[in-house]
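# Coordinate analysis (summary)
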Amino acid sequence: MPTFDMAGPWTLHPQVAVRPEPFGALLYHFGTRRLSFLKDLRLLAAVRLLTDEPSAADACRTAGIHDHELARYRAALATLATSHMIVQRTPPSPTEAS
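## Points about the sheet that holds strand β2 (residues 16–21)
If you walk across this open sheet you meet the 3 strands as β2-β3-β4, and the pairing is antiparallel. The strands lining the two open edges of the sheet, one partner per strand, are β2 and β4 (35–38). For this sheet, the mean angle separating the axes of adjacent strands, direction not counted, is 20°. The sheet contact formed by β2 and strand β3 (residues 24–29) spans 6 bridges and is antiparallel.

## Describing the nonpolar core
Note that soluble globular proteins tend to have their nonpolar side chains buried in a common cluster. The biggest cluster of nonpolar side chains holds 26 residues, and the ones touching the most others in it are F4, M6, C60, L77, L80 and I86. Within the residue set of this core, elements represented by two or more residues are β3, α1 (41–49), α2 (56–62) and α3 (70–82). Excluding anything up to four places from it in sequence, M6 contacts S55, A56, A57, C60, L70, R74 and L77.

## Topic: the pairing of β3
Counting buried positions along β3 gives 5 out of 6 residues, so the element sits mostly inside the fold. From the end of β2 to the start of β3, which pair antiparallel, there are 2 residues. By the bridge criterion, 4 bridges tie β3 to β4 in an arrangement that is antiparallel. Among the inter-strand pairings, A25 is bridged to a residue of β4, identified as L38. Taking the residues between adjacent antiparallel strands as the criterion, β3 and β4 are bridged by 5 residues, where R33 takes a positive phi near 65°.

Criteria and thresholds
Residues numbered from 1 in each chain as written. Predicted model: local features only at pLDDT ≥ 70, side-chain atom pairs only at ≥ 80, totals over all residues. Heavy atoms only, no water. Pairing = 2+ DSSP bridges. Helix = DSSP H or I, 4+ residues; strand = E, 2+ residues; numbered from the N terminus. Axes fitted to C-alpha atoms, helices over the stretch in contact; angles between N-to-C directions. Core = buried A, V, L, I, M, F, W, Y, C linked by side-chain atoms within 4.5 Å. Buried < 20%, exposed > 50% of the residue type's maximum accessible area, 1.4 Å probe, protein only. Contact = heavy atoms within 4.5 Å.

Next up, the structure:
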C-alpha cells in the first residue's frame, strides 16, 4: 500500500464527479473513466471536506472520524489517491491567503 500524507492538503481531482447514491456515492473520473464506490458515509464526508480543510487528517476529524480510526481511512484515501480520484493541492501563497 502506498504511503499517504494525512498532514498534507488534498482535494478531489478536477475531472472527478461525485454522484450521491443510497449506499454512499459513486466517484467518476472523466479523464481515466474509472469508477470508485464510497460505501462509508464518513469517508464520503471526508472526501467532500478535503478542499476546505488544511489536511486530510483535519477533513477526517471534521467528518467525525476518530484518531484511532485514522489508519483505516488513510488506507482508503491512499487508494483514492492512487486512482487519481483525489490529488494533492498546492497551499495558497501568502498573497493569495490574504
